[in-house]
Amino acid sequence: MIHTKFDIEVTARTVIGEARGEPIEGQEAVAWVIRHRAIAGRFGGPTLAHVCLRKAQFSSWNDGDPNREVIGDMGSHHVALMQAIALVERVMYSHMSFDLVGGSCHYHHKDMDPKPGWAIGKPQVTTIGNHAFYANIS
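Quick caveat, the model's predicted, so the values are computed rather than measured. (Residues numbered from 1 in each chain as written. Predicted model: local features only at pLDDT ≥ 70, side-chain atom pairs only at ≥ 80, totals over all residues. Heavy atoms only, no water.)

Student: Is there a simple way to think about the environment of alanine 40 in this case?
Tutor: Considering the arrangement of structural elements, one finds alanine 40 in helix H2 (residues 24-40). When the C-alpha atoms of alanine 40 and glycine 117 are compared, they prove to be 21 Å apart, with 77 residues separating the residues in sequence. (Helix = DSSP H or I, 4+ residues; strand = E, 2+ residues; numbered from the N terminus.)

Student: In this structure, what is going on with the sheet that holds strand E3 (residues 131-134)? I would like to understand it.
Tutor: In sheet architecture, strand pairing relies on hydrogen bonds along the backbone and comes in two forms, parallel and antiparallel. Taken together, the three strands give an open sheet; going across it, the order is E1-E3-E2, and neighbouring strands pair in antiparallel fashion. Either end of the sheet is taken by a strand with one partner, and the two such strands are strand E1 (106-109) and strand E2 (126-128). On average, adjacent strands in this sheet sit at an angle of 25 degrees to one another, irrespective of strand direction. Bridge count for E1 against E3 is four bridges, and the pairing is antiparallel. When the bridges of E3 are listed, histidine 106 appears paired with tyrosine 134. (Pairing = 2+ DSSP bridges. Axes fitted to C-alpha atoms, helices over the stretch in contact; angles between N-to-C directions.)

Student: Just checking my understanding: could you explain the pattern of salt bridges for this structure?
Tutor: It is possible for side chains bearing opposite charge to pair when their charged atoms get close. In total, this model carries two salt bridges according to the counting rule given. A salt bridge links glutamate 9 to arginine 13; the nearest nitrogen and oxygen atoms lie 2.8 Å apart. Of this pair, glutamate 9 and arginine 13 both sit in helix H1 (residues 5-19), separated by four residues, roughly a single helical turn. Classification of arginine 13 as buried rests on a relative accessible area of 10%. The salt bridge involving aspartate 63 is made with arginine 68; its shortest N-O contact spans 2.7 Å. Classification of aspartate 63 by relative accessible area gives exposed; the value is 71%. Of the residues examined, arginine 68 reaches a relative accessible area of 34% and is grouped as partly exposed. (Salt bridge = Lys/Arg side-chain N within 4 Å of Asp/Glu carboxyl O. Buried < 20%, exposed > 50% of the residue type's maximum accessible area, 1.4 Å probe, protein only.)

Student: Would you mind showing me how to read the side chain of asparagine 67 here?
Tutor: One can find asparagine 67 in helix H4 (residues 66-73). Looking at asparagine 67, its side chain comes within polar contact range of the side chain of arginine 20, at 2.9 Å. Here asparagine 67 is in contact with Gly17, Arg20 and Ser60, once residues within four sequence places are set aside. (Polar contact = N/O pair within 3.5 Å; in protein donor to acceptor, adjacent residues only side chain to side chain. Contact = heavy atoms within 4.5 Å.)

Student: Any chance you could explain the pairing of E3 here in plain terms?
Tutor: It is a general feature of regular strands that their side chains alternate between the two faces of the sheet. The alternating pattern of E3 places His131 and Phe133 and Ala132 and Tyr134 on opposite faces, both of which are buried. One ladder, built from three bridges, connects E2 with E3; its direction is antiparallel. The partner of threonine 127 across the bridge, within E3, is alanine 132. Counting the residues between successive antiparallel strands, the hairpin from E2 to E3 contains two residues, one of them, glycine 129, with a positive phi of roughly 60 degrees.

Following this line, the structure appears as structure tokens:
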């Protein structure tokens, strides 16, 4: 799948907003979730940007979320953004990247209490950093 520069940049900003304080594996795991959502085709549209920007899908894009201002204000030459773009390109094109989340399209903060309704009774695929990942959520 070919992705535009805009798709990659929006995805990188999403990764920063969702997993900025996570280890590199945690950031990569979020990128894999976005990739799986784009492939599944039921999470907002045909492109990575559609998936990332779909209302209420990634909290870092929600109105009032402090991460939205952070990711929106980053200039295109910001070091963290350039690093996230490289990470996203690795994941999207599978260069030296292994699917750390086993096909997961969903995740939440591991200490979230209560858990989101969609996660109740569902087995976790893995936990990476502060996020719990789930596959096969309908």
